[in-house]
Amino acid sequence: MQLPFRPKQKMKQELQEDEPLYLTSEAIEKMKRQLERIEETELPQAIEDVRRTGEFGDFSENAEYQEAKGRMRRLHDQVTTIKEKLKIAITIESSSNGIVQMGSWVVLDANDGTRKTFHIVGPEEADPVKGKLSFKSPLGAKLMGRHVGELVELVTPVAKTSYRIYGIDSAS
């Protein structure tokens, strides 16, 4: 006999099995605003839609009701996920001690003459296009614990790139 699938239990188990969830204070605030928006605006609207479409009659053949019910379930799942993440979130504190660490802004000079700036964040927030680099990414991991002036080499299947740490700051 197969046990029923319970998304909340699975999410809780996944979050507890993994390492801590490192987030910047901005990301935590963004999650709180998203949770507030869902709970105060979207979820009440979805509940009203379920009530309204339920009045149309036969649930088994009521497509509007099924859609509204599915939307309400997704919103409840989002609320649960956000709350669970906020429970285990650890705020990344920035400090300016001259060492690359989580929360640091790192300015790199590449061997091709370009200069790039990255904010070292947790995997949940990583977005290299926006300059947010995970401390677990290949480059982020090599940068951790380094100082200004140090050379970091990143070897990929395509190329070998060298970066010199030009600057480290706690805020940008």
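Each remark here, short or long, concerns the structure printed above.
What counts, and at which threshold
- Residues numbered from 1 in each chain as written.
- Predicted model: local features only at pLDDT ≥ 70, side-chain atom pairs only at ≥ 80, totals over all residues.
- Heavy atoms only, no water.
- Phe/Tyr/Trp six-rings, centres within 6.5 Å; stacked < 30°, edge-to-face > 60°.
- Helix = DSSP H or I, 4+ residues; strand = E, 2+ residues; numbered from the N terminus.
- Salt bridge = Lys/Arg side-chain N within 4 Å of Asp/Glu carboxyl O.
- Buried < 20%, exposed > 50% of the residue type's maximum accessible area, 1.4 Å probe, protein only.

A. Representation of the packing of aromatic side chains. Counted according to the given criterion, the structure contains one aromatic pair. Their ring planes at 85° and their centres at 5.8 Å tell us that tyrosine 22 and phenylalanine 135 sit as a pair that is edge-to-face. In this pair, tyrosine 22 sits in strand S1 (residues 21-23) while phenylalanine 135 sits in the loop between strand S5 (132-134) and helix H4 (138-143), placing the two residues 113 residues apart along the sequence.

B. Representation of the pattern of salt bridges. Evaluation of the coordinates by the stated rule reveals 13 salt bridges. Across the salt bridge formed by lysine 85 and glutamate 124, the nearest N and O atoms sit 2.7 Å from each other. Of this pair, lysine 85 sits in helix H3 (residues 63-88) while glutamate 124 sits in the loop between strand S4 (115-121) and S5, placing them 39 residues apart in sequence. Given the relative accessible area of 16%, lysine 85 is considered buried. Linked by salt bridges that have partners in common, Glu48, Arg51 and Glu55 make up one network.

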